[in-house]
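The residues making up each chain are set out below.
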Amino acid sequence: EVFVMKIYKTLIFMALLATGSAGAVSAPDDREAILEVSEQWASEFETGNSASMARYYTSNAVVLPPSSEILSQSEDILGYWQFLIEVGVNQYDVYPVDVRIDGNRAFQTAIWEAVRTTETGEKIAMEGNITTVLEKQADGVWKITMQSWN
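This is a predicted model, so every value here is computed, not measured.

Trainee: Got a minute to help me understand a negative patch on the surface in this structure?
Mentor: There is a patch of like negative charges on the surface, built from Asp29, Glu32, Glu36 and Glu39. Mapped onto the elements, Glu32 comes out in helix α2 (residues 28-47).

Structural data, given as structure tokens:
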């Protein structure tokens, strides 16, 4: 069953790459900057310091975790990430599928994978899809304004 799901996700990923963002026109620098935000965000998560992740979010960001309340306050967003770190989620990877830029707003879809290590040392693999909306700030920096995943 897990093998079938991995094949299914791989086929979806390849189909999305094939259709990709052919209709989206953006500056290559913006696309690279957005991909860099995802990479740096995941790297900061793995350091175990949720406070350092605050710089990647706008002041009015909204995060919609699965099976959880909507988080719209910075301290709630960072508290959620800190909770995951404290319960042993210590590996996190993001594999971008598509980035579409429309002016100062960007929409990124990706596949994520994480590993939680329990108190007994058991490793629990998790994976899913994530959608992130980013806004380009006045200084040219892209920041997350909305995240939702399964």
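Trainee: Help me out: how do you make sense of the sheet that holds strand β5 (residues 142-149) in this one?
Mentor: Paired through their backbone hydrogen bonds, the strands of a sheet run either parallel or antiparallel. A sheet is described by the order of its strands in space; here five strands give the open sequence β1-β5-β4-β3-β2, paired in mixed fashion. Of all strands in the sheet, those with a lone pairing partner are β1 (57-64) and β2 (89-102), marking the two edges. Here the strands of the sheet are splayed against their neighbours by 25° on average, with no regard to which way each runs. Contacts between α2 and the sheet are confined to β1, β2, β3 (105-117), β4 (123-136) and β5, with β2 contributing the most and set at about 165° to the helix.

Trainee: Quick question: what am I supposed to make of α2 here?
Mentor: Helix length check: α2 (20 residues) gives 29 Å between terminal C-alpha atoms against 28 Å at 1.5 Å per residue, within 8%. Listed in full, the buried residues belonging to α2 are Asp30, Ile34, Leu35, Val37, Ser38, Trp41, Ala42, Glu44 and Phe45. Close packing links the buried residues of α2 with β1, α3 (74-86), β2, β3, β4 and β5. Just downstream of α2, Gly48 is the residue with a positive phi angle, here 85°.

Conventions we followed
Residues numbered from 1 in each chain as written. Predicted model: local features only at pLDDT ≥ 70, side-chain atom pairs only at ≥ 80, totals over all residues. Heavy atoms only, no water. Patch = residues over 30% accessible without salt bridge, like charges linked within 9 Å, V, L, I, M, F, W, Y side chains within 5 Å. Areas by Shrake-Rupley, 256 points an atom, 1.4 Å probe, with all protein chains shown as cover. Salt bridge = Lys/Arg side-chain N within 4 Å of Asp/Glu carboxyl O. Lys, Arg positive; Asp, Glu negative; His and termini not counted. Charge placed at Lys NZ, Arg CZ, Asp CG, Glu CD. Helix = DSSP H or I, 4+ residues; strand = E, 2+ residues; numbered from the N terminus. Pairing = 2+ DSSP bridges. Axes fitted to C-alpha atoms, helices over the stretch in contact; angles between N-to-C directions. Contact = heavy atoms within 4.5 Å. Expected span 1.5 Å × (residues − 1). Buried < 20%, exposed > 50% of the residue type's maximum accessible area, 1.4 Å probe, protein only.

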